[in-house]
Amino acid sequence: MTDDFVPDYLLTLRAAARPADPLVSCVIPAYNEAANIGLLLTTLHSLLGAAGYRHELIVVDDGSRDSTIEKVLELKQQVPVTLVQLSRNFGKEIALTAGLEHCNGDAVVLIDGDFQHPPEVIPDFLVHWKQGYDMVYSVRASREGESLAKRWFTRTFYTLLNLGSALKIPENTQDFRVLDRCIVNALRAMPERNRFMKGLYNWVGFTRLAVTTHTNDRLAGVSSFNLWRLLQLGLTGLTSFSNVPLRVWTLMGSIVSLSSILYALFVVIDTLLHGTDLKGWPTLTVAITFLGGVQLLSIGVLGEYIGRIFTEVKLRPHYFVSQVHRQGQEQRVDPS
């Protein structure tokens, strides 16, 4: 177990502010989790009930194409579950955002719907929350079982993300965590559309504790989070929380400019000493193609940032909800 340094007096103050009988919300983003969601809901209900917590379970259906919705509705009278149906698949980051905006708990648990996050450690997380930590988050014990490409990409991503940044994002952290209401309110106040939740959790601050946990295999089914989606999420994280790509090309431009000046001096001196002829066409061709490639790459990097600015200034809603199912009631949502 590792933790961010927090003074004891601050933990004491935060612990004193915890309610005596807190409501715990569990936010579960779900996409094609029909094989897992029923057992997860009953497991969470049993765990939190045995620990003496009042609780609500928030399932955010992110446009599932299987019977996920049906499996949740079958349990609506047995467990305190709310089903939030998004109008289409918006992605996990937006599904988590929707869950945070529909929960009412004093403490909010974020957990995946496939049993890769171990539910049995949630009571321990909540004990730490009661001790004054506003966020208790999971850190993977290891990445065994993952492909070499995914492990390499993850390590490279966090290296680039934290390069030159005063606010480091811990490597191997997961969305599995407990958030105090103050953090939920802070996250809800952040309006950006390109959301990288691990960065946002870290950015808001407050008192935090990292807990090392073992990540299980999926109980059933196949993950829809492939390498392409991982690359997209990584690109969103880099452009949202780092200026390193822009600075790299600033450095590259400086190196190329300095090299061209030095080469120009060499050409002048060589011409004065030995005269001139028609040699140098291969050098000229290589220089032109190299500089053209550098310019196109730098324009592409700049375009990624501009594209995200374009997305932000349109001010579109993060998502639309088609229907909300609560115990004893249903509510259709008018997008207007």
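Remember, it's a predicted structure, so these values are computed and weren't measured experimentally.

Peer 1: Looking at this structure, how should I read the overall build of the protein chain?
Peer 2: Of regular secondary structure, the protein chain possesses eleven helices and ten strands. When each of the 336 residues of the protein chain is scored for burial, the buried share is 44%. Long-range pairs, those at least 24 residues apart, make up 83% of the contacts in the protein chain between residues at least 6 apart in sequence. Surface accessibility of the protein chain: about 18,000 Å² in total, with carbon and sulfur atoms responsible for 61%.

Peer 1: Teacher, can you tell me more about the environment of Ser 322 here?
Peer 2: The residue Ser 322 is located in strand β9 (residues 321–326) in this model. Residues Ser 322 and Arg 88 lie 234 residues apart in sequence; the distance between their C-alpha atoms is 8.7 Å.

Peer 1: Just to check I follow, could you spell out the nonpolar core for this structure?
Peer 2: In globular proteins that are soluble, nonpolar side chains generally tend to be buried together. Leu 41 and Val 59 are the most contacted members of the largest nonpolar core, which has 34 residues in total. Only β2 (23–30), α2 (37–50), β3 (54–61), β4 (81–86), β5 (107–110), α5 (122–130), β7 (173–180) and β8 (208–213) provide two or more residues apiece to this core. Among the elements that take part in this core, α2 stands out by supplying five residues, more than any other. Residues in contact with Val 59, not counting those within four places in the same chain, are Ile 28, Ala 30, Ile 37, Leu 41, Val 72, Val 81, Thr 82, Leu 83 and Val 84. Membership of the second largest hydrophobic core comes to 30 residues, among which are Val 84, Leu 86, Phe 90 and Met 135.

Peer 1: Help me understand the environment of Leu 73 in this model?
Peer 2: Summarising the element assignment, Leu 73 is placed in helix α3 (residues 68–74). A residue is classified by how much of its surface remains accessible, and Leu 73, at 31% relative accessible area, is partly exposed. For the pair formed by Leu 73 and Leu 83, sequence separation is ten residues and the distance between their alpha carbons is 7.8 Å. In this structure, Leu 73 is in contact with Leu 83 and His 325, ignoring residues within four places of it in sequence.

Peer 1: Would you mind going over the pairing of β7 with me for this structure?
Peer 2: The side chains of a regular strand alternate between the sheet's two faces. Among the eight residues of β7, eight are classified as buried, and the element is accordingly described as predominantly covered. Two elements, β5 and β7, share four bridges in a ladder whose sense is antiparallel. The partner of Val 109 across the bridge, within β7, is Val 178. Note: strand β6 (residues 135–140) against β7, four bridges, orientation antiparallel. Each residue of the ladder has a partner; that of Val 139, found in β7, is Thr 173.

Peer 1: Would you explain the pattern of salt bridges in this entry?
Peer 2: Any two side chains of opposite charge can pair, given that their charged atoms come close. Enumeration according to the criterion identifies eight salt bridges in this entry. Put simply, Arg 14 and Asp 180 hold a salt bridge, and the shortest N to O gap is 3.6 Å. You can see Arg 14 sitting in helix α1 (residues 8–16) and its partner Asp 180 sitting in strand β7, a full 166 residues away along the chain. Among the ionic contacts, a cluster of salt bridges with common partners joins Arg 14, Arg 18, Asp 134 and Asp 180.

Peer 1: What exactly am I supposed to notice about unusual backbone geometry here?
Peer 2: A negative phi angle is the norm for most residues apart from glycine, just as the trans form is the norm for most peptide bonds. Phi angles above zero are rare outside glycine, and Asn 32 is one such case at about 55°. Asn 32 sits in the partly exposed class, given a relative accessible area of 29%. Here Phe 206, not a glycine, exhibits a phi torsion of approximately 70°, which is positive. Residue position: Phe 206 is located in the loop between α8 (197–204) and β8.

Peer 1: So what exactly am I meant to see when it comes to the environment of Gly 199 here?
Peer 2: Examined against the element boundaries, Gly 199 turns out to sit in helix α8. Considering only alpha carbons, one finds Gly 199 and Pro 170, 29 residues apart in sequence, at a separation of 9.4 Å.

Peer 1: Help me out: how do you make sense of the side chain of Arg 208 in this one?
Peer 2: Relative to the helices and strands, Arg 208 resides in strand β8. The buried category is assigned to Arg 208, whose relative accessible area is 12%. Within the local environment of Arg 208, its side chain forms a polar contact with the side chain of Asn 202, the two groups lying 2.5 Å apart.

Peer 1: Mind showing me how you'd approach helix α7 (residues 181–188) here?
Peer 2: Residue pairs three or four apart in sequence face the same way in an α-helix, which turns once every 3.6 residues. Those residues of α7 not exposed but buried are Arg 181, Ile 183, Val 184 and Leu 187. Seen from one end, α7 has its buried residues packed into an arc of 160°, which puts them on one side. Among the structural elements, α4 (92–102), β5, β6, β7 and α8 are those in contact with the buried residues of α7. Structurally, the start of α7 carries an N-cap: the backbone nitrogen of Cys 182 is 3.1 Å from a side-chain oxygen of Asp 180.

Peer 1: How do you make sense of the packing of aromatic side chains when you look at a structure like this?
Peer 2: Remark: the centre distance and the inter-plane angle together describe each pair of aromatic rings, the angle taken between the planes. Taken as a whole and assessed by the stated rule, the structure comprises one aromatic pair. A cation over a ring is seen here: Arg 88 above Phe 90, with NZ or CZ 4.0 Å from the ring centre.

Basis of the calculations
- Residues numbered from 1 in each chain as written.
- Predicted model: local features only at pLDDT ≥ 70, side-chain atom pairs only at ≥ 80, totals over all residues.
- Heavy atoms only, no water.
- Helix = DSSP H or I, 4+ residues; strand = E, 2+ residues; numbered from the N terminus.
- Buried < 20%, exposed > 50% of the residue type's maximum accessible area, 1.4 Å probe, protein only.
- Contact = heavy atoms within 4.5 Å.
- Areas by Shrake-Rupley, 256 points an atom, 1.4 Å probe, with all protein chains shown as cover.
- Core = buried A, V, L, I, M, F, W, Y, C linked by side-chain atoms within 4.5 Å.
- Pairing = 2+ DSSP bridges.
- Salt bridge = Lys/Arg side-chain N within 4 Å of Asp/Glu carboxyl O.
- Polar contact = N/O pair within 3.5 Å; in protein donor to acceptor, adjacent residues only side chain to side chain.
- Arc of directions from axis to C-beta.
- Phe/Tyr/Trp six-rings, centres within 6.5 Å; stacked < 30°, edge-to-face > 60°.
- Lys NZ or Arg CZ within 6 Å of the ring centre and 35° of its normal.

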